Amino acid sequence: MSVQTHEAPTSARSGPTAAPPDSAPVPEKDGARRRGALPYVLLLPALVATAVFLGWPLVMNGMLSFQNLNMTQLIQHVTEWTGTDNYSRTLGSEDFWRVTLRSILFTVVNVAVIMTGGTLTGLLLARLGPRMRLLLSAGLVLAWAMPVIAATTVYQWLFAQRFGVVNWLLDAAGLHSMADYNWTGGQLSTFFVISLLIVWTSVPFVAVNLYAATTTIPRELYEAAALDGAGAWQGFRTVTLPFLRPFLLVTTFLEVIWIFKAFPHIFAVNEGGPDRLTETLPVYAFVEGVGNQHYGTGAAISVLTILILLALMAYYLRIALKQEEDEQ
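Residues numbered from 1 in each chain as written. Predicted model: local features only at pLDDT ≥ 70, side-chain atom pairs only at ≥ 80, totals over all residues. Heavy atoms only, no water.

Draft legend 1. Main features of the nonpolar core. The biggest cluster of nonpolar side chains holds 45 residues, and the ones touching the most others in it are Phe 96, Phe 106, Ile 114 and Ile 198. Among the elements that line this core, the one with the most residues is helix H9 (residues 187-214), at 11 residues. Residues in contact with Ile 198, not counting those within four places in the same chain, are Phe 106, Asn 110, Ile 114, Ile 259, Ala 262 and His 265. (Core = buried A, V, L, I, M, F, W, Y, C linked by side-chain atoms within 4.5 Å. Buried < 20%, exposed > 50% of the residue type's maximum accessible area, 1.4 Å probe, protein only. Helix = DSSP H or I, 4+ residues; strand = E, 2+ residues; numbered from the N terminus. Contact = heavy atoms within 4.5 Å.)

Draft legend 2. Local environment of the packing of helix H10 (residues 219-227) against helix H11 (residues 232-260). Their axes nearest at 9 Å, the elements H10 and H11 cross at an angle of 160°. If you check the angle between H10 and H11, you find them roughly antiparallel. For the pair H10 and H11, the sense of crossing is right-handed. Contacts between H10 and H11 involve Leu 221, Tyr 222 and Ala 225 on the former and, on the latter, Gly 235, Val 239, Thr 240 and Phe 243. Per-class residue counts for the contact of H10 with H11 are five nonpolar, two polar and no charged. (Axes fitted to C-alpha atoms, helices over the stretch in contact; angles between N-to-C directions. Parallel < 35°, antiparallel > 145°, perpendicular 65-115°, else oblique. Left-handed = near helix turned anticlockwise from the far one by under 90°. Nonpolar A, V, L, I, M, F, W, Y, C, P; charged D, E, K, R; others polar.)

Draft legend 3. Spatial organisation of unusual backbone geometry. Note the cis peptide between Gly 273 and Pro 274, where omega equals 0°. Note on placement: Pro 274 falls in the loop between helix H12 (264-270) and helix H13 (281-291). One non-glycine residue with positive phi stands out, namely Glu 271, at about 55°. Mapped onto the fold, Glu 271 is located in the loop between H12 and H13. Although it is not a glycine, Arg 276 adopts a positive phi angle of roughly 60°. With respect to the element layout, Arg 276 can be found in the loop between H12 and H13. According to the relative accessible area criterion, Arg 276 is partly exposed, its value standing at 32%.

Draft legend 4. Seen up close, the confidence of the model for the protein. Looking at the protein, the pLDDT average stands at 84 and 88% of residues meet or exceed 70. Within the protein, helix H1 (residues 10-13) has the poorest average pLDDT of any element, 45, and helix H5 (residues 94-127) the best, 94. Low confidence marks residues 1-19, where pLDDT is under 50. Its contacts with residues over four positions away, or in another chain, come to one contact. (pLDDT = per-residue confidence, 0-100.)

Draft legend 5. Up close: helix H7 (residues 148-158). Within H7, burial applies to Ala 151, Thr 152 and Tyr 155. Mapping the buried residues of H7 onto a view down its axis gives an arc of 100°, with all of them on the same face. Buried-residue contacts for H7 involve H9 and H12. (Arc of directions from axis to C-beta.)

Draft legend 6. Local environment of the packing of aromatic side chains. All chains considered together, the criterion is met by 13 aromatic pairs. A centroid spacing of 5.1 Å and a plane angle of 80° characterise the contact between Phe 159 and Trp 183, whose relative ring orientation is edge-to-face. Note that Phe 159 is positioned in the loop between H7 and helix H8 (165-172) and Trp 183 in the loop between H8 and H9, a separation of 24 residues in sequence. Between Phe 205 and Trp 258 the ring centres are 5.1 Å apart and the planes differ by 70°, which places this aromatic pair in the edge-to-face class. Here the residue Phe 205 occupies a position in helix H9, and Trp 258 occupies one in helix H11, the gap between them amounting to 53 residues. Of the aromatic side chains, those joined through ring pairs into one cluster are Tyr 155, Phe 159, Tyr 181, Trp 183, Phe 192 and Trp 200. (Phe/Tyr/Trp six-rings, centres within 6.5 Å; stacked < 30°, edge-to-face > 60°.)

Take a look at the structure:
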């Protein structure tokens, strides 16, 4: 017996004709284009503000570094271009290189102390109970939020020669030679006061943020490490440290920038004294530019300060970029 099959007409079998791929609706392309441009539109106000309030002063400062601008030129409204004379004079000065070395050593010592103290304090916050953690966190935030000049005034009072609390405590402890000690009369003692002030105002930032980073570490990893026989130090080295390494890298990066360009802490304590022995590059640029009214020289020193800071941060930038590539 033969079976006959009846095929439906071609027109009935085939549905609506599909549109070619190249003929996508134009509104969809426009919508995708708008969505792609939205992030740049949102960033535009911040970029404009950065260009106006940061880029333009940098350009003007760079132009000023190629001029001879003193009070005479300011009064006469004369622009005297001198080429690279300000840079040649600055780079040929022994004082500039002495201050540069002092600034680098000052930055290295303070960043090392801040990162060590901040890391230990952050780990302590992670170990404390809720009440003690809240109390310590409040103290850290208050220390960090205090204005720099207010904190400097407090430290000037603490280390005052005649009526300072520190000298009074040392005298009461039996160190009678410290009763009238002048903490800002020598280079090392002045740097000690400045460093103590900078560390006191910088450790809270590291500690609070490091504690926040520890809260992202899964507790299961610690339990697995304990089951494998890991002690406290091994758990820190194998679990905690790998999670905190990106944070420590970024925080060190920021602290190097902040400490290297620290100005109010140093200038407000003793204006770079005694005998300009505690000047760092920002203070040196201010004293030469504004104090001695050599504005072109001060601008050249500030430009060189930025270049030196970029050179110092090149190593950390390379590490950060390599770490980002490894994560991808």
